[in-house]
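Each chain, letter by letter, is given below.
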Amino acid sequence: MVLKWSYVTRFIFDKPQKNGTVLNRYTLKKCLGVGAYGMIYLCTDNRSGKKYVVKQLRPSKGKKQREWERFKDEAELLRKIDHHAIPALMDEFRIENQYYYVMEYVDGDNIEDLLFFQNQMFTELEALIMMKQLLSIISYLHQHNIFHTDIRPPNVIVKQEKVHLIDFGLANRIDQDNEKAVSNYRQDDYYDFGQMILFLMYSKFKGKKSKKRTWLEELSLHPETVILLKKLLGISEPYTNVNEIKKDLNIAMEALKEPKRV
Ligand SMILES: Nc1ncnc2c1ncn2[C@@H]1O[C@H](COP(=O)(O)OP(=O)(O)O)[C@@H](O)[C@H]1O
Ligand SMILES: [Mg+2]
């Protein structure tokens, strides 16, 4: 068996720290996850007793200056964002050569866990209602020239039916004058948003996924949802702004609310 180097480094260098460890003024309660870049801990602030999430750049990544700077940029970007569905940056600190930042804790489940571990299923309408919330977060970000570029199920957390977006590790703030870059990044987010919708639509899919069949054949979606998805995924003329997406999303939602004709 050939072991991937990334797995080796993860187990040798990137072992999560033990519960009870005190990081600055935060006591580590639980490791919430080890992602591609970060180790995420649920912690209690020793001063206020409040729960927060402390994100540490994986030590194996921290050896490279580029990754180190990227991690600092991630915290910096979070500091500039002020949105109720995005965790606010609370604090940042360094211990020895490790860099950490502290953010609000979103006490919910990410969409990947909801589907894979809790087998949650969404109807087409429920999925679109949920994705409308995500679209309004994307709209806020794009208005501020911020492009997330990593909109994926593990980066979207649902807490009491409210959608939150996390993980700004790959996000970019682009100067509005750089039209080409803005347009590319915008399309990236639209595409990922379309993939997210598809992912939710598959939650109710019972058959065996086949490489030969496309989502159009496997999922029998409402024609208005198909129009939306084809544009988001670049199969037909792509969207140029979030309002166009909002409009089509609302049309699809209304169509799904209508009673079925027999
Ligand atoms: N603020 C938060 N509140 C609750 N859970 C979080 C928070 N930030 C991260 N997580 C959990 O930790 C996981 C990994 O975090 P993430 O920031 O996406 O790391 P990476 O950059 O390595 O992908 C997420 O999928 C999510 O389940
Ligand atoms: Mg992530």
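Conventions used here
Within each chain, residues carry numbers counting from 1 in the order of the written sequence. For this description, chains carry letters from A and ligands carry numbers from 1, given in the order in which they are written. Where totals are concerned, whole chains, interfaces and linings use all residues; where local detail is concerned, this predicted model gives features only for residues with pLDDT of at least 70, and gives and counts side-chain atom pairs only at 80 or more. Hydrogens and waters are ignored; side-chain quantities use all the structure's heavy atoms. Criterion used throughout: strands pair if DSSP finds at least two bridges between them. Runs of E in the DSSP output that reach at least two residues are strands. Runs of H or I that reach at least four are helices, and both are numbered from the N terminus. Any two residues whose heavy atoms approach within 4.5 Å at even a single point are treated as in contact. Each axis is a line fitted through C-alpha atoms, taken for helices only over the stretch in contact, and angles between the N-to-C directions span 0 to 180 degrees. It suffices for a single heavy atom of a residue to lie within 4 Å of a molecule or strand for the residue to be listed as near it. Pairs of N or O atoms are called polar contacts if they sit within 3.5 Å, as long as, within protein, a hydrogen donor faces a hydrogen acceptor (for residues adjacent in sequence, only side-chain-to-side-chain pairs). Every accessible area reported is derived by Shrake-Rupley at a probe size of 1.4 Å, with residue values counting cover from the shown protein chains alone. Following the grouping adopted for this structure description, the nonpolar residues are Ala, Val, Leu, Ile, Met, Phe, Trp, Tyr, Cys and Pro, the charged ones are Asp, Glu, Lys and Arg, and the polar ones are all others, Gly among them. An automatic or database domain assignment is the source of the domain bounds shown. Salt bridges are defined as contacts in which a side-chain nitrogen from Lys or Arg sits within 4 Å of a carboxyl oxygen from Asp or Glu. We call a residue buried when its accessible area falls under 20% of the maximum for its residue type, exposed when it is over 50%, and partly exposed in between, using a 1.4 Å probe and counting protein chains only. Here is the rule for angles: anything less than 35 degrees is roughly parallel, anything more than 145 is roughly antiparallel, 65 through 115 is roughly perpendicular, and the remaining ranges are oblique.

## Brief notes about the sheet that holds strand β1 (residues 22–23)
- If you trace the 6 strands from one edge of the open sheet to the other, you get β1-β2-β3-β4-β6-β5, paired in antiparallel fashion. Two strands bound the open sheet, and with one partner strand each, they are β1 and β5 (89–95).
- Pairing geometry for β5 and strand β6 (residues 98–104), over 6 bridges, is antiparallel. In the sheet register, Asp 91 faces β6, and the bridge partner there is Val 102.
- Strand contacts of helix α3 (residues 65–80): β4 (51–57), β5 and β6, with the helix running at about 20° to β6, the strand carrying the most contacts.

## Digging into the site of ligand 1
- Residues in contact with ligand 1 amount to 19 residues; listed here are only the nearest, Tyr 37, Gly 38, Lys 55, Pro 154 and Asp 167.
- One nitrogen or oxygen atom from the main chain of Ala 36 is found 3.0 Å from an oxygen atom belonging to ligand 1.
- At 2.7 Å, a backbone N or O of Pro 154 approaches an oxygen atom of ligand 1.
- Starting from 550 Å² of accessible surface for ligand 1 in isolation, the protein chains cover 91%.
- Residue assignment for the shell around ligand 1 shows that the elements contributing at least two residues are β3 (38–45), β4 and β6.
- When grouped by side-chain class, the residues that make up the shell around ligand 1 number 12 nonpolar, 4 polar and 3 charged.
- Here the shell around ligand 1 spans two domains, and each of domain 1 (10–104) and domain 2 (109–257) adds at least three residues to it.

## Points about the pairing of strand β2 (residues 26–34)
- Pairing of β1 with β2, which is carried by 2 bridges, proceeds in the antiparallel orientation. Residue pairing in the sheet places Val 22 in a bridge with Thr 27 of β2.
- In this antiparallel pair of consecutive strands, β1 and β2, the connection spans 2 residues, and Asn 24 shows a positive phi of 55°.
- With 7 bridges connecting them, β2 and β3 associate as antiparallel partners. When the sheet's bridge partners are listed, Thr 27 is paired in β3 with Thr 44.
- Taking the residues that link successive antiparallel strands as the turn, the β2-β3 hairpin has 3 residues.

## Concerning the pattern of salt bridges
- Counting across every chain of the model gives 11 salt bridges.
- A salt bridge links Glu 67 to Arg 70, with the shortest nitrogen-to-oxygen separation between them at 3.4 Å. On the criterion of helical spacing, the pair formed by Glu 67 and Arg 70 is a turn pair, its members being 3 residues apart in helix α3.
- Accessibility expressed as a relative area gives 16% for Arg 70, which makes it buried.
- Between Lys 231 and Asp 248 there is a salt bridge, with its nearest N and O atoms 3.3 Å apart. One end of the pair, Lys 231, is in helix α8 (residues 223–232); the other, Asp 248, is in helix α9 (residues 242–257), and 17 residues separate them in sequence.
- Lys 231 sits in the partly exposed class, given a relative accessible area of 25%.
- Among the residues examined, Asp 248 registers a relative accessible area of 14% and is labelled buried.

## Points about the packing of helix α6 (residues 179–201) against α8
- Where α6 contacts α8, the two axes come as close as 8 Å, and the packing angle between them is 140°. Taken together, the axis directions place α6 and α8 in an arrangement best described as oblique. Contacts from Tyr 190, Tyr 191, Phe 193, Gly 194, Ile 197, Leu 198 and Met 201 in α6 reach Thr 225, Leu 228, Leu 229 and Leu 232 in α8.
- A class-by-class count of the residues in the contact of α6 with α8 yields 9 nonpolar, 2 polar and no charged.

By themselves, these are just geometric observations and shouldn't be taken as functional.
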